[in-house]
Amino acid sequence: MATNILDLKGRIGLVTGAGQGVGRSVALRFAENNAGGVVVNDFRLERAQAVAAEVEKLGVKAIPVQCDVTDFGSVSAMFETSRAKFGKVDILVNNAGNAGADPGAVVRKPFWEQEPKDWQPFLGTNLFGVLNCVRVAGAEMIKHGYGKIVTVISDAGRVGEPRLEIYSGAKAGAAGFMRAIAKNAGRYNVTANCVALGATRTPATERGMADPEALKRVLKVYQIKRIGEPEDAANMILFLSSDASSWITGQTIPVNGGYSFAV
Ligand SMILES: NC(=O)c1ccc[n+]([C@@H]2O[C@H](COP(=O)([O-])OP(=O)(O)OC[C@H]3O[C@@H](n4cnc5c(N)ncnc54)[C@H](O)[C@@H]3O)[C@@H](O)[C@H]2O)c1
């Protein structure tokens, strides 16, 4: 009989920003691969509820939890709720990102015209959100002697993108933090890795990709001539969340159609 090397063996996963896009796909991949339960977080409760219902349809227990990951108090409360339901959280996926909980309110102007307050949405969710969740979840993982932490960054954080300066810096900061956590927590059997995405079709990006001419321009710099799908990201995140990756830590693995290469 074929073994599923990605089997999650009944472990409990919590995915932030899982109400749509990549996070939703991760929650479903977890359910398809024998997770014992999935905590579906989103700033928007109705999105988390819809995805939790999809997970349950696959026969896996799920709870939707509204929380803004930029708020340490709400993050602590979210993990309390998760523990009350499932006992513990074995896998944390820091997926909430992009322009944060209210992308419509983000100021889009050249970096040289921005003010420090314009940077907050990007730094808040992409950097401080990761610190908050790892601070709370990681401490418990160390106590239990087991944990998998995966943070979704962007190739912007690896190679830098003009017009996304703060986002690039926040994602690079999250990756540096994850490397330090890998060194801190490896001895407790906790792995900490990042997945760096290239352009991926999600509700955050689909409008920009709907124009065939714009898509053509984007694909010029991709070796594989299609845009990423949420499942491309979820497949790697599942691998890094499973014991198939138990000897991999502190790494940032690109899932990017060859947009850039890791050496
Ligand atoms: N889509 C891409 O092309 C792309 C490329 C590179 C990296 N990424 C990264 O991948 C991850 C997922 O991206 P996506 O495009 O699937 O996302 P998305 O923007 O489509 O969805 C993210 C979800 O997270 C929620 N969210 C945002 N801020 C939150 C907060 N502070 N607390 C809780 N929930 C919050 C939103 O409500 C939303 O439902 C992000 O970290 C993003 O930066 C995406």
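We now turn to the structure provided with this report. Computed from a predicted model, the values in this text were never measured in an experiment.

### Comments concerning the overall build of the protein chain
Right, on to step 1. The secondary structure content of the protein chain amounts to nine helices and seven strands.
Right, on to step 2. Taken against the 2.2 N^0.38 rule, which gives 18 Å for 263 residues, the C-alpha radius of gyration of the protein chain at 17 Å falls within 12% of a compact globule.
Right, on to step 3. On the principal axes, the C-alpha backbone points of the protein chain span a range of 45 × 45 × 35 Å.
Right, on to step 4. Taken over 263 residues, the protein chain has a buried fraction of 48%.
Right, on to step 5. When the accessible surface of the protein chain is summed, it comes to about 12700 Å², and 56% of that surface belongs to carbon and sulfur atoms.

### Some words on the packing of aromatic side chains
Right, on to step 1. Tallying each qualifying case throughout the model produces four aromatic pairs.
Right, on to step 2. Plain terms: the ring middles of Phe122 and Tyr167 are 6.2 Å apart, the flat faces sit at 70° to each other, and that makes the pair edge-to-face. Pair noted here: Phe122 is in helix α4 (residues 120–144) and Tyr167 is in helix α6 (residues 165–185), with a separation of 45 residues, a long-range link.
Right, on to step 3. Judged by relative accessible area, which is 10%, Phe122 ranks as buried.
Right, on to step 4. Given a relative accessible area of 10%, Tyr167 falls into the buried group.
Right, on to step 5. One aromatic cluster in this structure is built from Phe111, Trp112 and Trp119.
Right, on to step 6. Taking NZ or CZ as reference, Arg11 lies 3.9 Å from the ring centre of Tyr146, over its face.

### Things to note about the sheet that holds strand β3 (residues 62–66)
Right, on to step 1. Strand order in this open sheet of seven strands is β3-β2-β1-β4-β5-β6-β7, and the pairing throughout is parallel. Among the strands making up the open sheet, the edge pair consists of β3 and β7 (252–255). Recorded for the sheet is a direction-independent mean angle of 20° between the axes of neighbouring strands.
Right, on to step 2. Note that strand β5 (residues 147–154) and strand β6 (residues 190–197) share eight bridges and pair parallel. When the sheet's bridge partners are listed, Lys148 is paired in β6 with Thr191.
Right, on to step 3. Relative to β3, helix α3 (residues 72–86) is tilted by about 165°, and along the sheet it contacts β1 (12–15), β2 (37–42), β3 and β4 (91–94).

So, how was this worked out
Residues numbered from 1 in each chain as written. Predicted model: local features only at pLDDT ≥ 70, side-chain atom pairs only at ≥ 80, totals over all residues. Heavy atoms only, no water. Helix = DSSP H or I, 4+ residues; strand = E, 2+ residues; numbered from the N terminus. Rg over C-alpha atoms; globule rule 2.2 N^0.38 Å. Buried < 20%, exposed > 50% of the residue type's maximum accessible area, 1.4 Å probe, protein only. Areas by Shrake-Rupley, 256 points an atom, 1.4 Å probe, with all protein chains shown as cover. Phe/Tyr/Trp six-rings, centres within 6.5 Å; stacked < 30°, edge-to-face > 60°. Lys NZ or Arg CZ within 6 Å of the ring centre and 35° of its normal. Pairing = 2+ DSSP bridges. Axes fitted to C-alpha atoms, helices over the stretch in contact; angles between N-to-C directions. Contact = heavy atoms within 4.5 Å.

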